[in-house]
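# Structural characterization, general
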Protein chains: 2
Amino acid sequence: MHHKDLKIKLPRLMDKIQKLGQIGALPGGGVCRLALTDEDKEARDLLQQWMKQLDLEVKIDELGNMFGIRSGKSSGPLVMVGSHLDTVGTGGLYDGSLGVLAGLEIVETLNEAGITTARPFAVANFTNEEGVRFTPDMMGSHAYSHTAELENMLNAKAVDGSNVSIRTELERIGYNGQLPCGDLELAAFLELHIEQGPVLEAEEIHIGAVEMVQGIYWTEYIFKGVSNHAGTTPMPLRKDAGYAAASTAQFVREQVLKTGGNQVGTVGLIELSPNLINVVAQEARVIVDLRNTDEGALIQTQTALDAYVQRISKQENLSYQKQELVRFPPVQFDKSIVSKIEERARALNYSVKRMPSGAGHDAQMMARLCPTAMIFVPSVGGISHNIKEFTKEKDLERGCNVLLQTAMDLLNLG
Amino acid sequence: MHHKDLKIKLPRLMDKIQKLGQIGALPGGGVCRLALTDEDKEARDLLQQWMKQLDLEVKIDELGNMFGIRSGKSSGPLVMVGSHLDTVGTGGLYDGSLGVLAGLEIVETLNEAGITTARPFAVANFTNEEGVRFTPDMMGSHAYSHTAELENMLNAKAVDGSNVSIRTELERIGYNGQLPCGDLELAAFLELHIEQGPVLEAEEIHIGAVEMVQGIYWTEYIFKGVSNHAGTTPMPLRKDAGYAAASTAQFVREQVLKTGGNQVGTVGLIELSPNLINVVAQEARVIVDLRNTDEGALIQTQTALDAYVQRISKQENLSYQKQELVRFPPVQFDKSIVSKIEERARALNYSVKRMPSGAGHDAQMMARLCPTAMIFVPSVGGISHNIKEFTKEKDLERGCNVLLQTAMDLLNLG
């Protein structure tokens, strides 16, 4: 049969999503599978088992990135589909997992149809995309596409203050592979992902053809003051690190609204020390997450934030340390692949729109190496990084079919 | 010899301060002796041993308050001197301990001089003055002077979320005593304490004759929103509990400065959940500490705060819970005892000034039962609730001598 008539099998995909979702499952739903924990190892082991059952050649690189390779008629550059299996502390069943399991579903569909493609095909699981336990996020794909930074990534220490590093945790769970990072030659990269935002659902559109990813800046500020008695220290004599942290979070909101456009800003992490009711905080840590599709506006917002942190620290007689944890500029995807995604969606009679990605994804790293694009499916309520994260089965099926069709186009080229 | 010539012995006092300071000692100095922990038990055991060595009759009440009683010619109401041995998480060697050990030093001075006083004398250690691990603070003296609330105090759960209560911890460390709380009849109560503020040092004054304690309000606010992806959730669609918490801390500072006068306000505790870089916080907890000598102004500040919390929650589409952890109005001390303290200080040729207390103290509870006052000595740099808390030995000696002389006046009455 002609490959335009090939369809994935939803029950097969759902079965894998459910089985994987039991690893690190949280009470009330959702999962916690932080990068390189025991739960991540268990998920990796299951993926490896599935890859082998589908006769894929499993390769693991120095940073623990996992690849399942299906050979083609040529031994040339391969078409890669992938995402990540790690999650945030309160993650859902779809963020990341969908993009990896959809890759397996494509392999299963091709195997079943007895198709040998012109180009080889690979399914990828990238290490530490979420960046919750180790920074930066998108670490595996970052190192894959910026191999000079591999050593920094391997030496990254856990942000929870424990003394483990990517290197020691990879060794601990047995995923410190032999394949040199970035070694596989790529013809194209595709990532299917849930939108994690409210747009597709609100506009009742089936498929997002993602043409760009907004820029992401993560900056840590640690304020240092003097802990003192909350009742006896007159306000003018205070060096209150906690106040500076709170005031910074307040400023982020005000500045983001002032910048407007696509600018978003979040302070999701605040830590006071000693964090006691009647003690002025001696030290406070905040991490600010700023994102925008417009790099100029993003830089302006960050500059205003840095100036405010300096101002509030001076006003409160504090010292502070600033650390740039992440600086990702906006990324444009490959126009011809984005057009293919639109064509294939329309050919399948699905509604489709071009849109930017608000979240960071491995695809934005891979875009540096080869023609790349992403496919979004709707997130109910736009909710994600939350145990309530959910995407309807019909939408998962549509997204996976568009991924299959687009991949087939690329696989049969050359 | 006439009691006006009696003096305490500084080396003896310092020796006890140092020995007690080794219990719960922190690296770099200071101590952590949270109420009813193993460290608190060890400190209580040492105090009990010292009391017995001084031939005091040791009594422990239902809430773990400890009393060492020295009999007088009469069996009537006794003159009590005391404070607390528990500390904050980053406490010093003097806050609380000084007031208890000074009591022992008075006993030792009287024993040595072979003096039998008209009234009996008691040294007290009150349970959980700091209120860090269990609220409210000043718990032991509160229950002693408001005996109707004993049951609530015994049932108070640890704020760290663990399931222990005052009752279970008292049983665990063996300080659930037999003496009914509030049973001892009092003629007067005195408390010697470090100022914990910068005033005496700044004005180079030896002794503070404390004529009042400012009012203290502690209020907990728990904001509840929706955790969501930091990159894909447009600002207008957010329900960011973390932002509300930070904004509340910012408001506290602004409102406190607006109120002016003696108003102080602190947000020393902020907790976000899940507290992750790229996740909008679903829940946030802040505890606001407001204090003022002027009750009207204190109530106005609290009212403005409550209104702001309601406003910001509505604006951010959050729900919230409010809990009044502490509501202590300002307390006036006994004018005649405050005058005595001034007289005795001047007779000893120490400089002295009347002043309010910025911190809460057990004495403010005891003032409900009997004529009460406090004596302050300077804190270097005004620093306290900090491992750098320090008071010069000379100042400790002066304070202890004024306590001795004032106590003698009261002990020989009636």
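Residues numbered from 1 in each chain as written. Chains lettered and ligands numbered in written order. Predicted model: local features only at pLDDT ≥ 70, side-chain atom pairs only at ≥ 80, totals over all residues. Heavy atoms only, no water.

## Re the relation of the copies chain B and chain A
Mapping between the two chain copies consists of a rotation about an axis together with a translation along that axis. Laying chain B over chain A is done by rotating through 180 degrees and shifting 0.0 Å along the axis; what remains is an RMSD of 0.0 Å. As the rotation angle and translation indicate, the two copies are arranged about a two-fold axis. Relative to the rotation axis, the closest C-alpha in chain B is found at Ala246 of chain B, a distance of 2.1 Å. A symmetric contact is evident, with 100% of the interface residues of chain B recurring at the interface of chain A. (Least-squares fit on C-alpha atoms with pLDDT ≥ 70 in both. Contact = heavy atoms within 4.5 Å.)

## Notes on unusual backbone geometry
Residue and element names in this part refer to chain A. With an omega dihedral of 0 degrees, the bond running from Thr135 to Pro136 counts as a cis peptide bond. Checked against the element boundaries, Pro136 lands in the loop between strand 4 (121-125) and helix 4 (139-145). The step from Ser273 to Pro274 runs through a cis peptide bond, and the omega angle for that step is 5 degrees. Looking at the secondary structure, you find Pro274 in the loop between strand 8 (264-273) and strand 9 (283-292). Of note, Asn275 is a non-glycine position whose phi angle comes to about 60 degrees, a positive value. As for its position among the elements, Asn275 is in the loop between strand 8 and strand 9. (Helix = DSSP H or I, 4+ residues; strand = E, 2+ residues; numbered from the N terminus.)

## Focus: the packing of helix 1 (residues 10-21) of chain A against helix 3 (residues 97-113) of chain A
All names here are of chain A. It is the contact of helix 1 with helix 3, at a shortest axis distance of 10 Å, that shows an interaxial angle of 140 degrees. One finds that helix 1 runs oblique with respect to helix 3. Judged by the sense of rotation from one axis to the other, the crossing of helix 1 with helix 3 is right-handed. Taking contact as the criterion, the partners of Arg12, Leu13, Lys16, Ile17 and Leu20 in helix 1 are, on helix 3, Ser97, Leu98, Leu101, Ala102, Leu104, Glu105, Glu108, Thr109 and Glu112. Residue classes in the contact of helix 1 with helix 3 are distributed as 7 nonpolar, 2 polar and 5 charged. (Axes fitted to C-alpha atoms, helices over the stretch in contact; angles between N-to-C directions. Parallel < 35°, antiparallel > 145°, perpendicular 65-115°, else oblique. Left-handed = near helix turned anticlockwise from the far one by under 90°. Nonpolar A, V, L, I, M, F, W, Y, C, P; charged D, E, K, R; others polar.)

## Focus: the pattern of salt bridges
Taken as a whole and assessed by the stated rule, the structure comprises 56 salt bridges over all chains. Note that Asp306 of chain A and Lys322 of chain A form a salt bridge whose closest N and O atoms lie 2.9 Å from each other. Within this pair, whereas Asp306 of chain A is found in helix 9 (residues 295-315), its partner Lys322 of chain A is found in strand 10 (residues 319-328), the two being separated by 16 residues in sequence. Ionic pairing is found between Arg167 of chain B and Glu151 of chain B, a salt bridge with its closest N-O pair at 2.9 Å. Of this pair, Arg167 of chain B sits in helix 6 (residues 166-173) while Glu151 of chain B sits in helix 5 (residues 150-155), placing them 16 residues apart in sequence. Judged by relative accessible area, which is 42%, Glu151 of chain B ranks as partly exposed. Within this structure, Lys9, Arg12, Glu105 and Glu112 of chain A form a network of salt bridges that share partners. (Salt bridge = Lys/Arg side-chain N within 4 Å of Asp/Glu carboxyl O. Buried < 20%, exposed > 50% of the residue type's maximum accessible area, 1.4 Å probe, protein only.)

## Describing the sheet that holds strand 8 (residues 264-273) of chain B
Residues and elements named next belong to chain B. Strand order in this open sheet of 4 strands is 8-9-7-10, and the pairing throughout is antiparallel. In the strand order of this sheet, the two ends are held by strand 8 and strand 10 (319-328), each with one partner. On average, each strand axis in the sheet is tilted by 15 degrees relative to the strand beside it, whichever way the strands run. Judged from the 9 bridges that link them, strand 7 (residues 215-224) and strand 10 form a sheet pairing that is antiparallel. Its bridge partner being in strand 10, Lys224 is matched across the sheet by Ser319. (Pairing = 2+ DSSP bridges.)

## A word on the domain arrangement of chain A
All names here are of chain A. Segmentation of chain A into domains returns domain 1 (3-214 + 331-410) and domain 2 (215-328). Centre-to-centre, using C-alpha coordinates, domain 1 lies 33 Å away from domain 2. Tallying the contact residues gives 17 residues for domain 1 and 12 residues for domain 2. A combined buried area of about 940 Å² lies between domain 1 and domain 2, and 64% of that area is made up of carbon and sulfur atoms. By the criterion of area lost to domain 2, the three top residues of domain 1 are Thr135, Asp137 and Gln214, representing 51% of everything that side buries. At the boundary of domain 1 and domain 2, one finds 0 salt bridges. Here domain 1 is connected to domain 2 by 0 residue pairs in polar contact (both at pLDDT 80 or more). (Domains from an automatic or database assignment. Buried area = accessible area lost by both parts, 1.4 Å probe. Polar contact = N/O pair within 3.5 Å; in protein donor to acceptor, adjacent residues only side chain to side chain.)

## Considering the packing of helix 1 (residues 10-21) of chain B against helix 12 (residues 393-412) of chain B
Residues and elements named next belong to chain B. The N-to-C vectors of helix 1 and helix 12 enclose an angle of 110 degrees; their axes lie 10 Å apart at closest approach. Classified by the angle their axes make, helix 1 and helix 12 are roughly perpendicular. Facing Leu10, Leu13, Met14 and Ile17 of helix 1, the residues of helix 12 in contact are Glu393, Leu396, Glu397 and Cys400. Residue composition of the contact of helix 1 with helix 12, by class: 6 nonpolar, no polar and 2 charged.

## Points about the side chain of Gln250 of chain B
Here Gln250 of chain B lies in helix 8 (residues 241-259). In this structure the side chain of Gln250 of chain B is engaged in a polar contact, spanning 2.7 Å, whose partner is the side chain of Glu254 of chain B. Not counting residues within four places of it along the chain, the set of residues in contact with Gln250 of chain B comprises Tyr243, Ser247, Gln250 and Tyr308 of chain A.

## A closer look at the interface of chain B and chain A
In this assembly, 63 residues from chain B lie in contact with 63 residues from chain A. Buried surface at the junction of chain B and chain A, summed over both partners, amounts to about 5,200 Å²; 57% is from carbon and sulfur atoms. Taken as a group, Met235, Arg253 and Ile277 of chain B account for 16% of the area that chain B buries against chain A, more than any other trio of residues on that side. Summed over the shared surface of chain B and chain A, the result is 4 salt bridges.

## Digging into the confidence of the model for chain A
When pLDDT is averaged along chain A, the result is 95, and 99% of the positions lie at 70 or above. Prediction confidence for the complex, expressed as pTM and ipTM, is 0.76 and 0.76 respectively. (pLDDT = per-residue confidence, 0-100.)

## What to know about the sheet that holds strand 10 of chain A
All names here are of chain A. Pairing in this open sheet of 4 strands is antiparallel, and the strands run 8-9-7-10 from one edge to the other. Unpaired on one side and paired on the other, strand 8 and strand 10 mark the two borders of the sheet. Each neighbouring strand pair of the sheet contributes to a mean axis angle of 15 degrees, computed without reference to strand direction. Bridge count between strand 8 and strand 9: 8 bridges; the pairing is antiparallel. Residue pairing across strands places Thr266 opposite Asp289, the latter belonging to strand 9. Across the sheet, helix 8 (residues 241-259) lies against strand 7 (215-224), strand 8 and strand 9, angled at about 10 degrees from strand 9, the strand it touches most.

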